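Topology and contacts: notes
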Amino acid sequence: LEHPDTRLSKTEALRLVEFLRTAPSESQVYKFFIAQALREKMPGVEAIISDFLELTSGEGASEAQMVKWYTQISRNETQLFLGRHSANTWLDHHSDARLDAVMARVRYLVQLDGDWSWQIVQYPPGGFYVPHTDAEQRW
């Protein structure tokens, strides 16, 4: 650390943020949730980074300040997904013959196996889809 009292300076914070943005895939840092959010350009991550950099302005950030900042953001990683707001519901296609017919056609076209439900999602203005757990599924 540049400061003798172990405070993190703004320059050091900027270097750290750059490392988080560009961490090599074999690095443990690459898996860190803030690094992932930076790579995927999640809308909430820039506000988190901005808060971190502001914390290091002036005389720098103390260890206690950094721990408090990190504790707050790690408790609620959804800050990284700001803008990904939606309203959703699950349809019981078995309760309606028309929905059941449409689901049968989708099952055939997509070659679904098992019993699947439909999730209907509505995104408000400014909301959008961000791949998450379903991004690793086959379709």
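Our subject is the structure listed above.
The following paragraphs examine the structure supplied in this document. Residue indices begin from 1 for each chain and proceed along its sequence in written order. Side-chain atom pairs in this predicted model are given and counted only at pLDDT of 80 or more, local residue features only at pLDDT of at least 70, and totals for whole chains, interfaces and linings cover all residues. Derived side-chain values reflect all non-hydrogen atoms in the structure, with water molecules and hydrogen atoms excluded from consideration.

On to the packing of aromatic side chains, then. A pair of aromatic rings is counted whenever rings of Phe, Tyr or Trp (Trp by its six-membered ring) have centres within 6.5 Å, and the orientation is called stacked for planes under 30 degrees apart, edge-to-face for over 60 and tilted otherwise. For the structure shown, the criterion picks out two aromatic pairs. When the ring of Phe 32 is compared with that of Tyr 70, the centres are 6.0 Å apart and the planes differ by 20°; the resulting orientation is stacked. Of the two residues, Phe 32 is situated in the loop between helix 1 (10-22) and helix 2 (33-39) and Tyr 70 in helix 4 (residues 63-75); the sequence distance between them amounts to 38 residues. Considering the side-chain rings of Phe 52 and Trp 69, the 4.7 Å spacing of their centres and the 35° angle between planes classify their relative orientation as tilted. Here Phe 52 is found in helix 3 (residues 45-55), whereas its partner Trp 69 is found in helix 4, with 17 residues between them in sequence. Categorising residues by exposure relies on relative accessible area from a 1.4 Å probe, with only protein chains included: less than 20% of the type maximum marks a residue as buried, more than 50% marks it as exposed, and the intermediate range marks it as partly exposed. Look at Phe 52 and you get buried, because its relative accessible area is 4%. Between Arg 39 and the ring centre of Tyr 30, over which it is positioned, the NZ or CZ distance is 3.5 Å. Secondary structure counts use DSSP, requiring at least four H or I residues in a row for a helix and at least two E residues in a row for a strand, with both numbered from the N terminus. Put simply, a charge is over a ring when the Lys NZ or the Arg CZ is close to the ring centre, within 6 Å, and near the line of the ring normal, within 35 degrees.

Another aspect to go through is the environment of Leu 14. Here Leu 14 lies in helix 1. Counting along the chain gives 38 residues from Leu 14 to Phe 52, while the straight-line C-alpha distance between them is 9.5 Å.

By themselves, these are just geometric observations and shouldn't be taken as functional.
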